[in-house]
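# Close look at the chain arrangement
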Amino acid sequence: MTALPDKMRAIVASPGAPLRVEQIDRAVAGPGQVLIKIAYAGINRPDLIQRMGAYPPPKGAPETMGLECSGEIVALGPDVSHWKLGDKVCALLPGGGYADFAWADEGSCMAVPEGISLLEAAALPETVLTVWANVFERAALQPGEAFLVHGGASGIGTTAIQMAKAHGAKVFATAGGAEKAALCAKLGADVAIDYRAQSFADVVKADGGVDVILDMVGGAYVQQNLDCLKLDGRCVQIAFLQGPQVDLNLMALMLKRLTLTGSTLRARPVAEKARLARAVEAHVWPWVAKGLVRPVVDSVFDLEDAEVAQAKMQANSHAGKILLKVSG
Ligand SMILES: NC(=O)c1ccc[n+]([C@@H]2O[C@H](COP(=O)([O-])OP(=O)(O)OC[C@H]3O[C@@H](n4cnc5c(N)ncnc54)[C@H](OP(=O)(O)O)[C@@H]3O)[C@@H](O)[C@H]2O)c1
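Keep in mind that this is a model prediction, so the values were computed, not measured.

Cut-offs and rules
Residues numbered from 1 in each chain as written. Predicted model: local features only at pLDDT ≥ 70, side-chain atom pairs only at ≥ 80, totals over all residues. Heavy atoms only, no water. Pairing = 2+ DSSP bridges. Helix = DSSP H or I, 4+ residues; strand = E, 2+ residues; numbered from the N terminus. Axes fitted to C-alpha atoms, helices over the stretch in contact; angles between N-to-C directions. Contact = heavy atoms within 4.5 Å. Phe/Tyr/Trp six-rings, centres within 6.5 Å; stacked < 30°, edge-to-face > 60°. Buried < 20%, exposed > 50% of the residue type's maximum accessible area, 1.4 Å probe, protein only. Core = buried A, V, L, I, M, F, W, Y, C linked by side-chain atoms within 4.5 Å. Domains from an automatic or database assignment.

### Considerations on the sheet that holds strand β12 (residues 229-237)
In space, the six strands of this open sheet follow the order β10-β9-β8-β11-β12-β13, with parallel pairing throughout. Each edge of the open sheet carries a strand with a single partner, namely β10 (191-194) and β13 (259-262). With direction set aside, neighbouring strand axes in the sheet form an average angle of 15°. The pairing of strand β8 (residues 146-149) with strand β9 (residues 170-175) spans four bridges and is parallel. What sits directly across from Phe147, in β9, is Val171. Contacting β8, β9 and β11 (210-215), helix α4 (residues 155-166) crosses the sheet at an angle of about 170° to β8.

Right, here's the structure in full:
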């Protein structure tokens, strides 16, 4: 293996200025960490929030953006037992993915699933781990139950539709516009709702309601979600794109024995992320290998074009994942 450079390219953000490429000290793997030569990196909505200064990296994480990547392991820190040099992985990162190299905790790396390219693999960690943790663990979706995901054409939504279908659920998905709703239907949603043309709550209630909801919208959706849930229904919040402050009538919570919950992924301890990653390898990778779950890639930009890539996400003009090509 060739010697590693002392410096690497990384995308750097300053308030009010466009993203730019800079040479910074190369990432180094510490104890229990591996160093990944990044092939592709995923863009995630929290990156946009971090850039505005409202989502600071957790203690010990790189200051630069980037929550997931695919690539090759090129160095091992002390006490790494599971991986070897040359392994191809995709990984959840605490930050630092918009760069040539990033360190990852070894438990947060996952083998690239069978039949998946490094490009597609970069689209998997954030979406698959988030859907697994919230829909399958927190809300305990069961085969035969009805499931509703908002933002069905988002990175998270396209993944949630396919994973819920693979699990044997009936799937409802909402999206803004006929084209995005059509994508949800193509991915397997039994009922795809263009929320600009129809009230999602009317459609879902007319069909008897749902058992589980994955919501990233919040705001006025929260009351409508409670109204859409069946007896013993569960709603999981993973974001509040329309705001977290709501005026709620909670009567349904009591009368229908509902659960309203939520979680974040980034703040979880390393050991918890490792547990989730092993669960995903065991339960979700077989679905990926069978073609039941495939990453939906909207577009790929060169690392230098991170500014354009983020602007596309900000404009909501994408469907599925936006990726950065680093060395892939
Ligand atoms: N809690 C966690 O652990 C966790 C982990 C990962 C991601 N997340 C969150 O999950 C969300 C989805 O992530 P992603 O990477 O899949 O992002 P994404 O692809 O950008 O998806 C967000 C989607 O939300 C919809 N949207 C945006 N603004 C909206 C608004 N004001 N009202 C209603 N809908 C709106 C858009 O769909 P339409 O065009 O169809 O409206 C958009 O496609 C993000 O908010 C992210 O921060 C949470």
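What follows picks up the thread again.
### Topic: the packing of aromatic side chains
In this description, a pair of aromatic rings is defined by centroid distance and the angle of the planes. Under the definition given, this model contains three aromatic pairs. Look at Phe200 and Tyr221: their rings are 4.9 Å apart centre to centre, the planes differ by 45°, and that puts the pair in the tilted class. You can see Phe200 sitting in helix α6 (residues 200-206) and its partner Tyr221 sitting in helix α7 (residues 221-228), a full 21 residues away along the chain. For Phe200, a relative accessible area of 3% corresponds to the buried category. Among the aromatic residues, those joined into a cluster by ring pairs are Trp132, Phe136 and Trp287.

### Remarks on the pairing of strand β6 (residues 101-105)
In summary, the side chains of a regular strand alternate between the two faces of the sheet. In terms of burial, β6 is a largely internal element, five of the five residues being buried. By the alternation rule, side chains of β6 split into Phe101, Trp103 and Asp105 and Ala102 and Ala104, which are all buried. For strand β3 (residues 33-42) and β6, the ladder comprises five bridges, and the chain directions are antiparallel. Looking at β6, one finds that Ile36 is bridged to Ala102.

### So, the nonpolar core
Formed by 66 residues in total, the largest nonpolar core has its most connected members in Phe147, Met163, Val284 and Trp285. Among the elements that line this core, the one with the most residues is helix α3 (residues 125-138), at seven residues. Here this core spans two domains, since at least three of its residues come from each of domain 1 (7-124 + 266-325) and domain 2 (127-262). Ignoring any residue separated from it by four or fewer positions in sequence, one finds Val284 in contact with Val128, Trp132, Met163 and Ala279.

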